[in-house]
Amino acid sequence: MAELMLRSPASTPAAAAAPPEPVVATHGCVRCGATVPIDVALCENCNPLGLAQPSASQVHGTAVAGVILAVVLLAVLARVSVSGIGPFAARFLGAVPNETGLAVSVAVTNGGTKAGATSCRVTDPDLRFGGPSALILSPEIPAGQSVTFTGTVTVFGKSSKPLQVDCSAP
């Protein structure tokens with residue numbers, strides 16, 4: 001009787017002789033998009049002389065420098081756009097009950113050289129360690145001028161009381 005021998009495909013001499021294909025990481029050429037190894041930026045067609053290619057630190061350094069420059073420019077632009085607005089001096093004129101809370105009247109003076117608006121924090125001076133507060137927004141106040149306006153606050157109930165108002169620059 002002939003003996004039958006079974007072999008798995010991995011144990012055959014042909015399978016054992018062929019090494020596995022190595023995986024090569026690739027990406028696109030930065031100029032034309034052709035597939036190149038991961039450590040190369042330009043393909044042979046785009047860099048026929050084999051000139052030195054930019055290193056990763058050069059590329060990332062340029063990007064970081066661009067971000068830092070953009071942040072500095074935005075900060076300078078923001079500073080220039082709000083310079084000359086304020087300071088604002090506020091005076092509490094009165095609080096009258098209305099259907100939703102208190103109508104708070106405030107007189108605000110813009111001590112700056114540009115027109116601007118401000119937000120005013122309304123607090124109860126009887127509450128020495130905090131307590132509720134509300135913000136009311138002023139209309140635009142011309143430079144060196146005063147404006148009287150009324151805003152509604154709901155956190156102090158509906159009974160008239162003396163309040164404290166503090167306005168700040170935007």
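One can find the structure itself at the top, above this paragraph.
Reading the values: the criteria
- Residues numbered from 1 in each chain as written.
- Predicted model: local features only at pLDDT ≥ 70, side-chain atom pairs only at ≥ 80, totals over all residues.
- Heavy atoms only, no water.
- Buried < 20%, exposed > 50% of the residue type's maximum accessible area, 1.4 Å probe, protein only.
- Helix = DSSP H or I, 4+ residues; strand = E, 2+ residues; numbered from the N terminus.
- Pairing = 2+ DSSP bridges.
- Contact = heavy atoms within 4.5 Å.
- Disulfide = S-S within 2.5 Å.
- Patch = residues over 30% accessible without salt bridge, like charges linked within 9 Å, V, L, I, M, F, W, Y side chains within 5 Å.
- Areas by Shrake-Rupley, 256 points an atom, 1.4 Å probe, with all protein chains shown as cover.
- Salt bridge = Lys/Arg side-chain N within 4 Å of Asp/Glu carboxyl O.
- Polar contact = N/O pair within 3.5 Å; in protein donor to acceptor, adjacent residues only side chain to side chain.

**Student:** Now, about the pairing of strand 5 (residues 119-123): what can you tell me, with residues and values included?
**Tutor:** Walk down a regular strand and you will see the side chains alternate between the two sheet faces. Across the two faces of strand 5 the burial differs, with Cys-120 and Val-122 buried and Ser-119, Arg-121 and Thr-123 not buried at all. Bridge count between strand 5 and strand 6 (residues 133-137): five bridges; the pairing is antiparallel. Pairing of Ser-119 across the sheet is with Leu-137, part of strand 6. Here five bridges tie strand 5 to strand 8 (residues 164-168), and the two strands are oriented antiparallel to one another. Following the sheet pairing, Ser-119 is matched in strand 8 by Ser-168.

**Student:** Describe the environment of Pro-125, and please don't skip the residues or the numbers.
**Tutor:** Relative to the assigned elements, Pro-125 resides in the loop between strand 5 and strand 6. Using a relative accessible area of 38% as the deciding quantity, one classes Pro-125 as partly exposed. Distance in space between the C-alpha atoms of Pro-125 and Leu-163 is 6.2 Å, their sequence separation being 38 residues. Leaving out residues up to four positions away in the same chain, Pro-125 has contacts with Pro-162, Leu-163 and Gln-164.

**Student:** An account of the state of the cysteines is needed here, citing residue identities and associated values.
**Tutor:** Inspection of every chain in the model, using the stated rule, returns one disulfide. A disulfide bridge connects Cys-120 with Cys-167, and the sulfur atoms are separated by 1.9 Å. Classification of the bridge connecting Cys-120 and Cys-167 rests on its S-S torsion, roughly 100°, and on that basis the disulfide is right-handed. Here Cys-120, found in strand 5, pairs with Cys-167, found in strand 8; they are 47 residues apart in sequence, far enough to count as distant. With relative accessibility at 0%, the residue Cys-120 sits in the buried group. According to the relative accessible area criterion, Cys-167 is buried, its value standing at 7%. With no disulfide of its own, Cys-29 lies closest to Cys-46 among cysteine sulfurs, the gap being 3.8 Å. Residue Cys-29 is classed as buried on the basis of its relative accessible area of 5%. Cys-43 forms no disulfide, and the closest cysteine sulfur to it belongs to Cys-32, at a distance of 3.6 Å.

**Student:** Describe a nonpolar patch on the surface, and please don't skip the residues or the numbers.
**Tutor:** A contiguous nonpolar surface patch, about 430 Å² in accessible area, is contributed by Val-64, Ile-68, Val-72, Val-76 and Val-80. With respect to the helices and strands, Val-76 occurs in helix 2 (residues 56-82). The class for Val-76 is partly exposed, based on a relative accessible area of 48%.

**Student:** Now, about the side chain of Asn-47: what can you tell me, with residues and values included?
**Tutor:** Along the chain, Asn-47 falls in the loop between strand 2 (35-37) and helix 2. Here Leu-51 takes part through its backbone nitrogen, which lies 3.0 Å from a polar atom of the side chain of Asn-47. Aside from chain neighbours lying at most four places away, what touches Asn-47 is Leu-42 and Gln-53.

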